[in-house]
Amino acid sequence: MIYFIGAGPGDPELLTVKGVRLLKEADLVIYAGSLVNPELLKYTSADCEIYNSAAMDLSEMVQIMVEGERSGKKVVRLHTGDPAIYGAIQEQMWKLEQVGIEYQVVPGVSSFSGATAALKRELTIPGKVQTVILTRLEGRTPVAERENLASLASHQSSLVIFLSVGLIEQVVRELSTAYPLNTPVAVVYKATWPEEQIIRGTLENICQLVTEAEIRRTALILVGDFLRSERTEESMLYASHFTHGFKQGCSDQVTD
Ligand code: SAH
């Protein structure tokens, strides 16, 4: 069995309990050295084989996993954040299916959750915004024209942009066609790591602030009114006039 494990955003305590157990039991670990905090490897046993996938291509990675599994080892593939978001795990899973090897996926805390925790903000604000868009600009990986930032911005939802801080000028240019220039923007660098940095600004000044802070990678760009500090409507869930199934003690499903 091969386990794809979400390593979380950086803080070694943000790995799931299941992830820690599997790392302790692992005979072989491949981790994405460019983003996974090497501190997490402290959970592995002294005789665990450890490989950094940073310089490997897909077939090398899969070969190590397959050979390990076939020789009876417990294999862990450690991916940053949650592996289902820009994790490039789909192609690895397909390759394993082709050769008939079983695998499981253990979710992780995505960096966007790490960033919103650092910002102490809720992405969904009653009466204001109830939709979150996770996206990126095109880089080496193409992004379809229908997903361009300007059209996503037209929804005025809470926006989290991965893999794009190096192209912040382009991000701002595209967003400015849909959002007012005073829309709040936060850039969170290395959320939950000791070197975490938070830059707060607006569409108007964020480029300059990010350039001054020399942030070029490993950061998220968060955009939208959810970042504003003024108080807004309270959630219906805890409103005193709003009784739902559990509060009344009956077995009706809670819908909100
Ligand atoms: N699967 C990961 C994302 C991998 S893509 C997840 O769920 O978080 C890599 C991108 O994620 C980086 O370019 C950056 O935009 C973001 N990222 C990963 N870790 C981060 C962190 N600790 N703080 C801020 N952004 C991070």
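The structure this text deals with has already been given above.
Given the structure is predicted, the values throughout are model-derived calculations rather than measurements.

Draft legend 1. Region of interest: the layout of surface pockets. Here the largest pocket is characterised by a volume of approximately 1400 Å³. Lining of the largest pocket is provided by 41 residues; of these, Ser34, Leu35, Thr80, Tyr86 and Leu163 occupy positions nearest its centre. Looking at the lining of the largest pocket, the elements that each hand over two or more residues are helix 2 (58-70), strand 4 (75-79), helix 3 (90-98) and strand 10 (219-223). Its residues assigned to classes, the lining of the largest pocket comprises 18 nonpolar, 15 polar and eight charged. Taken domain by domain, the lining of the largest pocket gets at least three of its residues from each of domain 1 (2-106) and domain 2 (111-227).

Draft legend 2. Representation of the packing of helix 2 against helix 3 in the model. At a closest axis distance of 10 Å, the pairing of helix 2 and helix 3 adopts a crossing angle of 50 degrees. One finds that helix 2 runs oblique with respect to helix 3. Viewed along their axes, helix 2 and helix 3 form a crossing whose handedness is right-handed. Each of Leu58, Met61, Val62, Met65 and Val66 in helix 2 lies in contact with helix 3, whose residues at this interface are Glu91, Gln92, Lys95 and Leu96. Its residues assigned to classes, the contact of helix 2 with helix 3 shows six nonpolar, one polar and two charged.

Scoring rules and cut-offs
Residues numbered from 1 in each chain as written. Predicted model: local features only at pLDDT ≥ 70, side-chain atom pairs only at ≥ 80, totals over all residues. Heavy atoms only, no water. 1 Å grid on protein atoms, 1.4 Å probe; cavity = no way out; pocket = protein on both sides within 12 Å on 5 of 7 lines; lining within 4 Å. Points joined across faces, edges and corners; volume = space filled by probe spheres on them. Helix = DSSP H or I, 4+ residues; strand = E, 2+ residues; numbered from the N terminus. Nonpolar A, V, L, I, M, F, W, Y, C, P; charged D, E, K, R; others polar. Domains from an automatic or database assignment. Axes fitted to C-alpha atoms, helices over the stretch in contact; angles between N-to-C directions. Parallel < 35°, antiparallel > 145°, perpendicular 65-115°, else oblique. Left-handed = near helix turned anticlockwise from the far one by under 90°. Contact = heavy atoms within 4.5 Å.

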